[in-house]
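Structural features, examined
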Amino acid sequence: MRTSQPQTIFLKDYRVPAFLVDHVDLRFELFEDGARVHCTLAMRRNPDSDSSDKSLELDGDSLTTLESVSLDGKPLEGSAYEDRDDKLTLHEVPDQFNLGIVTWIEPQNNTRLEGLYKSSGMFCTQCEAEGFRCITYFPDRPDVMARFRTRVEADKTRYPILLSNGNDVEKGDLADGRHFVTWEDPFPKPCYLFALVAGDLLEKRDTFKTMSGRDIDLRMYVEPRNAEKCDHAMDSLKRAMRWDEEVYGREYDLDIFMIVAVDDFNMGAMENKGLNIFNSSCVLASQETATDMAFQRIESIVAHEYFHNWSGNRVTCRDWFQLSLKEGFTVFRDSCFSADVGSPTVKRIEDATMLRTAQFAEDAGPMAHPVRPESYMEITNFYTLTIYEKGSEVVGMIHTLLGPDLFRKGSDLYFERHDGQAVTTDDFVRAMEDASGRDLSQFRLWYEQSGTPELTVRDEFDDAAGIYRLTIKQSIPDTPGQTDKKPQHIPFAIGFLGAEGESLPLKLAADDADAPTDRVLELTDASHTFEFHGLSERPVPSLLRGFSAPVRVFYPWTREQLTFLMSHDSDGFNRWDAGQRLAVDVINSLVSSTDGNVDAGLVEAYRSLLADSSLDQALVAKMLQLPSEAYLIELADQPNVPAIHRARERVLAHLARSLRDELLACYHRNTLRGHYEVTPEAVARRSLRNTALAWLLHIDDEEGRTLATSQFNEADNMTDRMGALRALVNSGYEKEQEQALADFYQQWKDDPQVVEQWFAVQSGSTRTGGLRKVHELMEHPAFDWKNPNKIRSVIGVFAGQNLPAFHAEDGAGYQFLAEQVRKLDDSNPQIAARLVSPLTRWRKFAPVHGEQMKSALETVRDKSGLSRDVYEVVHKSLAGQ
Ligand code: 0A1
Ligand code: ZN
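Since the model is a prediction, treat every value here as computed from it, not as a measurement. (Residues numbered from 1 in each chain as written. Chains lettered and ligands numbered in written order. Predicted model: local features only at pLDDT ≥ 70, side-chain atom pairs only at ≥ 80, totals over all residues. Heavy atoms only, no water.)

Further remarks concern the packing of aromatic side chains. Applying the stated criterion across every chain yields a total of 43 aromatic pairs. Geometrically, the ring pair formed by Phe-307 and Phe-337 is edge-to-face, given 5.7 Å between the ring centres and 85 degrees between the ring planes. Remark: Phe-337 occurs in helix α3 (residues 323-341) and Phe-307 occurs in helix α2 (residues 292-307); sequence separation between them is 30 residues. Given the relative accessible area of 0%, Phe-307 is considered buried. Cluster of aromatic residues (ring-pair linked, three or more members): Trp-243, Tyr-248, Tyr-252, Phe-257, Tyr-306, Phe-307, Trp-310, Phe-329, Phe-337, Tyr-414, Phe-415 and Phe-428. Positioned over the ring face of Phe-187 is Lys-273, at 4.3 Å from the centre of the ring. (Phe/Tyr/Trp six-rings, centres within 6.5 Å; stacked < 30°, edge-to-face > 60°. Helix = DSSP H or I, 4+ residues; strand = E, 2+ residues; numbered from the N terminus. Buried < 20%, exposed > 50% of the residue type's maximum accessible area, 1.4 Å probe, protein only. Lys NZ or Arg CZ within 6 Å of the ring centre and 35° of its normal.)

Turning our eyes to something else, we now look at helix α17 (residues 718-729). Its 12 residues place the ends of α17 16 Å apart at the C-alpha level, agreeing with the 16 Å of an ideal helix rising 1.5 Å per residue. With 11 of 12 residues buried, α17 lies mostly within the body of the structure. Turning to α17, its buried residues are Met-718, Thr-719, Asp-720, Arg-721, Met-722, Gly-723, Ala-724, Leu-725, Ala-727, Leu-728 and Val-729. Elements in contact with the buried residues of α17: α2, α15 (680-698), α16 (702-714), α18 (734-748) and α19 (752-763). (Expected span 1.5 Å × (residues − 1). Contact = heavy atoms within 4.5 Å.)

Attention now goes to the packing of α17 against α18. At a minimum axis distance of 8 Å, the contact between α17 and α18 shows a crossing angle of 145 degrees. α17 and α18 meet at a crossing whose hand is left-handed. On the side of α17, the interface is formed by Met-718, Arg-721, Met-722, Leu-725, Leu-728 and Val-729, while α18 contributes Glu-736, Gln-737, Ala-740, Leu-741, Phe-744, Gln-747 and Trp-748. Its residues placed into classes, the contact of α17 with α18 shows nine nonpolar, two polar and two charged. (Axes fitted to C-alpha atoms, helices over the stretch in contact; angles between N-to-C directions. Left-handed = near helix turned anticlockwise from the far one by under 90°. Nonpolar A, V, L, I, M, F, W, Y, C, P; charged D, E, K, R; others polar.)

Grouped together as the largest cluster of nonpolar side chains are 280 residues, with contacts concentrated most on Leu-30, Leu-99, Phe-492, Phe-532, Tyr-606, Ile-795 and Leu-839. Among the elements that take part in this core, helix α5 (residues 385-418) stands out by supplying 11 residues, more than any other. When neighbours within four sequence positions are excluded, Phe-492 is seen to be in contact with Leu-455, Val-457, Ile-472, Arg-519, Val-520, Leu-521, Leu-523, Leu-543, Leu-544, Ser-548 and Val-553. (Core = buried A, V, L, I, M, F, W, Y, C linked by side-chain atoms within 4.5 Å.)

Our next topic: unusual backbone geometry. Cis rather than trans, the peptide bond between Glu-128 and Ala-129 has omega equal to -5 degrees. Its location among the elements puts Ala-129 in the loop between β11 (122-126) and β12 (146-155). Not every positive phi belongs to a glycine, and Ser-62 is a case in point at roughly 55 degrees. The class for Ser-62 is partly exposed, based on a relative accessible area of 46%.

The next thing to look at is the site of ligand 1. Not every one of the 15 residues close to ligand 1 is listed here, only the nearest: Glu-128, Glu-271, Glu-305, Glu-327 and Tyr-388. Between ligand 1 and Ala-269 there is a distance of 3.2 Å, counted from an oxygen atom to a backbone nitrogen or oxygen. Here an oxygen atom of ligand 1 sits 3.5 Å away from a polar atom, N or O, in the side chain of His-308. In the complex, 97% of the free accessible area of ligand 1, which totals 370 Å², lies under the protein chains. Those elements that place two or more of their residues in the shell around ligand 1 are β20 (269-270), α2 and α3. (Near = heavy atom within 4 Å. Polar contact = N/O pair within 3.5 Å; in protein donor to acceptor, adjacent residues only side chain to side chain. Areas by Shrake-Rupley, 256 points an atom, 1.4 Å probe, with all protein chains shown as cover.)

Any two of four tetrahedral donors ideally make an angle of 109.5 degrees at the metal, while pairs among six octahedral donors ideally make 90 or 180 degrees. At this site the zinc ion (ligand 2) is bound by His-304 (NE2), His-308 (NE2) and Glu-327 (OE), with donor distances of 1.9 to 2.0 Å. Geometry at the zinc ion (ligand 2) is tetrahedral, judged from its four donor atoms and the angles of 98 to 128 degrees they form at the metal. (Donors = N, O, S within 2.8 Å, 3.2 Å for Na, K, Ca; no water. Tetrahedral: all angles 85-135°; square planar, octahedral: opposite > 155°, others 65-115°.)

Once that is clear, we can look at the sheet that holds β11. Sheet strands pair via backbone hydrogen bonds, and the direction of the pair is either parallel or antiparallel. Across the sheet, which stays open at both edges, the four strands sit in the order β10-β11-β16-β13 with antiparallel pairing between neighbours. Both edges of this open sheet fall to β10 (115-119) and β13 (161-164), since each of them pairs with a single strand only. On average, each strand axis in the sheet is tilted by 20 degrees relative to the strand beside it, whichever way the strands run. Bridge count between β13 and strand β16 (residues 196-199): four bridges; the pairing is antiparallel. (Pairing = 2+ DSSP bridges.)

Take the sheet that holds strand β8 (residues 87-90) next. With antiparallel pairing, three strands are arranged side by side in an open sheet as β4-β8-β7. Every other strand in the sheet has two partners, leaving β4 (56-59) and β7 (81-84) as the edge strands with one partner each. On average, each strand axis in the sheet is tilted by 15 degrees relative to the strand beside it, whichever way the strands run.

One way to see where empty space is left: roll a probe the size of a water molecule over the atoms. By the definition in use, this model includes five cavities of 30 Å³ or more. Here the largest cavity defines a volume of roughly 60 Å³. Around the largest cavity, the lining residues are Pro-541, Ser-542, Leu-543, Trp-557, Leu-562, Leu-565, Asp-569, Asn-574, Asp-577, Ala-578 and Arg-581. In terms of residues, the lining of the largest cavity owes the most to one element, helix α9 (residues 572-591), which gives four residues. In terms of residue class, the lining of the largest cavity is built from six nonpolar, two polar and three charged. There is about 50 Å³ of room inside the second largest cavity. Taken together, Thr-111, Trp-785, Lys-786, Asn-787, Pro-788, Ile-791, Ser-827, Asn-828 and Ile-831 make up the full set of residues lining the second largest cavity. A breakdown of the residues in the lining of the second largest cavity according to their chemical character gives four nonpolar, four polar and one charged. (1 Å grid on protein atoms, 1.4 Å probe; cavity = no way out; pocket = protein on both sides within 12 Å on 5 of 7 lines; lining within 4 Å. Points joined across faces, edges and corners; volume = space filled by probe spheres on them.)

Below is the structure:
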């Protein structure tokens, strides 16, 4: 536990390590009451370091006992070193030496889930970012890369499977019913990629032939009860391996690739070399237990972790300020993969929705930071949407500016130049520049400046000259520690539509005969005016096509223009976006007036969407989703959450009533028969059908109720079962909803991933999931305070999705969250720091709510022994008043 004020770490203070580690030899003796870790490090002075300090400092954290220290095989006296709880300092070491350290740790009591811990009776590790220091003393920084050899010893009956990184080179039996396996990883790696697993696990095997003809042994390890939930992840893995060969020319490098599923995990998954460890909810799936969304999420996370083998493992980060080097690039890679194997437009819509709803909010809040931060207190607080999603957008913009061929040349150069190294985001950009010949110096500001750029677009049409002028101004709001920002280099994709919806040529010069109908304008100044020639009518502009940059666009669209774009834009993304803008406009106009009417244009636009079966149904399914409350709140200044909620509900109810017949027809038209498949088409049809059902139940339609109960009882897959359950839970049909919830629990109570969904559907329901319900769920025997997924599915979903309840007038939602954060801070600070995040935007809300949120935050701040994780978030959020 923390005793002093947490220190801030600065990028500008980076120094190369004074000592390097060439080889790490580990021996783990695993027992029920703890584990003994024997660690031998082959170390030498770093020739690139100018430090002449004779002492050596190693990192440690929560290590129960330091049993011994030896240098070149000789035990050291206690006076030769100093052992403070987070540092081991050897007063004097030679230039080259072997350091032996034996520690005793208690994985069974490790509730932080960092380092070595136990989950459902198995041992597993999580070492990113700084978990390895919870296992042994070590120079725990990513630019120290070593070869690891790991021997794991444990009871053979309890832990028949013993895994670590690389290849298994030796195994055998020991006395007292114990056994061992030794693993050797030939690739030097930072310690954050170390992994160990020991348990009674079922093994699923497959193989993959690489492009050079090598056979890779693919293995999944799961608890025996999950035997039937591995196929999807295994298939996804093989698709990802093939895709990375085809699109990036990257081949897998070890002979074995392993995936392990664990129930207790702080994040989604982890890319440990050759031994990826997954949160069960991000890898296990069967038709009966996982929704389409879960299937898609699993495919993309499996791909993400696999892709890290090159973008992250073979080429890693020099320091944690460079986190987006591996995360932004890898998210970009997994997004392109998902787009390629699914629907590219839908994937783009999903990514943009997440960005505009949550990352823009982060960029506008107290924790705003650049894609390459300048400082941090606790690095795990920086596994953010900015690092991941905005980082991916930044790589995507390089892709747009260079085009696919030069981008590929750049990535080839990057991997070749830096293989086996720990590098920076700047090295990445330089490889792109060197391969393409383009100057990206201004583009680098995307890594350095935080905040979401705002583009204000104005236009005028010169009838006589046939010239259309587009003026685009950019500005970037101030963010904590950053003001007066410079203009950034923004790729701004556009198109023009004529009166019939046709695409018009974009002539930047009067004599441009083959002008394209799509262009990427490159914005580099605070203001640009572009002149387009040869137009006989004023076009309707389609701006920021495909969401070509993570920016906000302001243009005075009329509702007519939006309706027009919604049905005619050749850019699928902008078609969707026009619908969202129209819906936002309609909902917002009702926020302040309780008696206004819902615009008939919106109803008609949705009517034609529902009727047109010639349209891409995946896009229609997305277009039918109204903007979320979270997005409406993000767009508003001093949002009144209950009023936004009521306005959105009114629009939904009005649409459902006006379109009842169309919804019923849509429901029936999209009933699928035959095999369950997760193709884009089948997913779209289930989504449409479930949206229609949800809308019908929203207005307590009798026929909808009958359809929902029979769908719930007859569904052969979780998407439809959950779709029906969600519709019932959000309806006024209390009897049916209680019955369905009880039946569902009864059927799935032994499956934690399904129980998590059961929790979430209740706690997220604005109709039935108030604070009382959340308390009730937390009392439920299936709720487990030590399991991050359960905390997320009850408390996280309440605060993040059940917005009218969380922002209830009396402030009880805020106080509740603060209490949970205080409690969780003692057992799992990482999760506590994530959970507190909804309170940190207190300045955005209307004064009364803002004050209540702030006072809840203060009660968190005042907890004694607050972790560094929560300290950083709360103090930054309360700073500057
Ligand atoms: N590198 C992983 C995410 C991850 C990060 C931190 C963790 O523990 C603090 C665990 C996982 C990824 O990008 O998938
Ligand atoms: Zn990642």
